[in-house]
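# Tertiary structure, described
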Amino acid sequence: MSNKVYRIAVLAGDGIGPEVMSATMRVAEEVEKRHGVQIEWKDGLVGGAAIDAKGKALPEETIELCRSAQAVLFGSVGGPKWETLPPNEQPERAALLPLRKTFGLYANLRPAVLYPELVACSPLRPDRVAAGFDVLVVRELTGGLYFGQPKETTQTARGERAVDTMVYETHEIERVAEVAFRAAAHRKKRVTLADKANVLETSLLWRKVVRGVAAKHPSITLDFIYADNAAMQLVRDPARFDVLLCENLFGDMLSDQAAAVAGSLGMLPSASLGEGSFGLYEPAGGSAPDIAGKGVANPIAQILSLALLLEMSLGELEAAQSVRRAVAEAIREGWRTADVAGPTEKKVGTRAMAQEIARRVALGRGKS
Ligand code: IPM
Ligand code: MG
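What you are looking at is a predicted structure, and each value in this text was computed from that prediction instead of being measured. (Residues numbered from 1 in each chain as written. Chains lettered and ligands numbered in written order. Predicted model: local features only at pLDDT ≥ 70, side-chain atom pairs only at ≥ 80, totals over all residues. Heavy atoms only, no water.)

## Regarding the packing of helix H1 (residues 17–35) against helix H11 (residues 317–332)
In plain terms, the rule: To get an axis, a line is fitted to the C-alpha atoms, and for a helix only the part in contact is used. The angle between two axes follows their N-to-C directions and goes from 0 to 180 degrees. Working definition: helices are DSSP H or I runs of at least four residues, strands are E runs of at least two. Numbering for both runs from the N terminus. Roughly parallel refers to an angle under 35 degrees, roughly antiparallel to one over 145, roughly perpendicular to one between 65 and 115, and oblique to any angle outside these ranges. By convention the crossing between two helices is left-handed if the near helix lies anticlockwise of the far one by an angle smaller than a right angle, and right-handed if it lies clockwise. By definition, residues are in contact when any of their heavy atoms lie within 4.5 Å. Each residue gets one of three labels, nonpolar for Ala, Val, Leu, Ile, Met, Phe, Trp, Tyr, Cys and Pro, charged for Asp, Glu, Lys and Arg, and polar for the others, Gly among them.
Where H1 contacts H11, the two axes come as close as 10 Å, and the packing angle between them is 130°. Our classification of the angle between H1 and H11 gives oblique. Considering the relative orientation of H1 and H11, their crossing is right-handed. Along the contact surface, H1 presents Val27, Val31 and His35, while H11 presents Glu318, Ala319, Ser322 and Val323. Of the residues belonging to the contact of H1 with H11, the class tally is four nonpolar, two polar and one charged.

Shown next as structure tokens:
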């Protein structure tokens, strides 16, 4: 037990964010007790909640709060209430993207794992996922079409003209590729780069740079796949993938697909990392306004995001593992929120699910 006190910014945001976050805090409480990890949790406003209270989606004090913290535990932002605002003021564009850019979070890790007990939740036929499914999407997060300049709409004689720019420089590719190869070293030692090298200039540069990074990691196998084919192979033969490396937009799309194959978006955490140990951790699923406030959302994506935070930003590996074991055990023992419950299975709500997981952390149960 160390006597270090960590400081974590908690940005619950909108939709199901606040309820899954407060459920996750139940688990955090037990982690602190059981593993002697001391954390000061600092709430901040973000997204629509911040627009309502402060007039903007990412207030200066929230940025300062994040700056003063070792990591950010993020819920989700957005919802119908703010969809009529000008695009640049909407929560997703005005909070999430600037957070990624401000803190240089260029590497987005999205692990999609299908639990053996949840094979029936995958939309794929059981024989397609029988071999298991454990893919880590490593998505570039601060470049490409999301941020490239020019990005604008102008008037022309014939109407309007809109432009987004796909641009990458060597160093941007190199650093995220490094993350992918390092991750692969602890997994099945295979990196697949999804690109459109048959069409895009940026993809040619990606291939060249990623080959160079691969040369420094001789124990890892590198292969290439066109992004459209990757979409197809993710549903035909998902077990062929280990680490799937993508530029920003391809990674956005392919990570949702990988998540769906793994059964439910409600199970999937993510980590956004830059240089150093600072990171932002968030569920992959978004704010799910349709079920917000009903207490039925699956808190596991948020809870596993906490586990990623413990591991990657705080280096508290044992605490992280104990959260993951508790989640796996709760699943194994039949606890299900609505998104992953079969027709005959009993469903529990957000709090009850988190409580089951918290209880297992407290007992130090579910050793793998
Ligand atoms: C994601 C989301 C965001 C993205 C949106 C909300 C801007 O889809 O994190 O995958 O496109 O990056
Ligand atoms: Mg997305």
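## Considerations on helix H6 (residues 170–185)
Note on helix geometry: an α-helix contains 3.6 residues per turn, so any two residues three or four positions apart are oriented the same way. In plain terms, the rule: In a helix, the anticipated span is given by 1.5 Å times the number of residues less one.
For H6, with 16 residues, the first-to-last C-alpha span of 23 Å sits near the 22 Å given by 1.5 Å per residue. Residues of H6 that are buried make contact with strand E4 (107–113), strand E5 (134–140), strand E8 (190–195), helix H7 (201–215), strand E9 (221–226) and strand E10 (243–246).

## Focus: unusual backbone geometry
Excluding glycine, residues mostly have negative phi values, and the peptide bonds linking residues are mostly trans. Let me state the cut-off plainly: The rule is simple: take the accessible area with a 1.4 Å probe, protein chains only, and divide by the maximum for that residue type; under 20% is buried, over 50% is exposed, in between is partly exposed.
Cis geometry marks the peptide bond from Gln149 to Pro150, where omega comes out at 0°. If you trace the backbone, Pro150 turns up in the loop between E5 and strand E6 (152–156). Even without being a glycine, Lys189 presents a positive backbone phi close to 60°. Residue position: Lys189 is located in the loop between H6 and E8. With relative accessibility at 34%, the residue Lys189 sits in the partly exposed group. In the Ramachandran plot, Ala288 falls in the positive-phi region, its phi being about 40° despite a non-glycine side chain. Relative to the helices and strands, Ala288 is located in the loop between strand E12 (279–283) and helix H10 (300–312).

## Some words on the UniProt feature "binding site: substrate" (unreviewed entry) in the protein chain
Selection criterion: UniProt positions are given in the numbering used here, feature names are shortened, and annotations may be inferred rather than shown by experiment.
Feature annotation in UniProt assigns "binding site: substrate" (unreviewed entry) to the following positions: Arg100, Arg110, Arg139 and Asp228. In terms of the greatest pairwise C-alpha distance, the residues named above, spread along 129 residues, do not form a single cluster, extending to 26.2 Å across. With respect to the helices, strands and loops of the structure, Arg110 is situated in strand E4. You can call Arg110 buried: its relative accessible area is 10%. The residues touching Arg110, leaving out its near neighbours within four places in the chain, are Arg100, Val135, Leu136, Val137, Arg139, Asp252, Ser255, Pro269 and Ser270.

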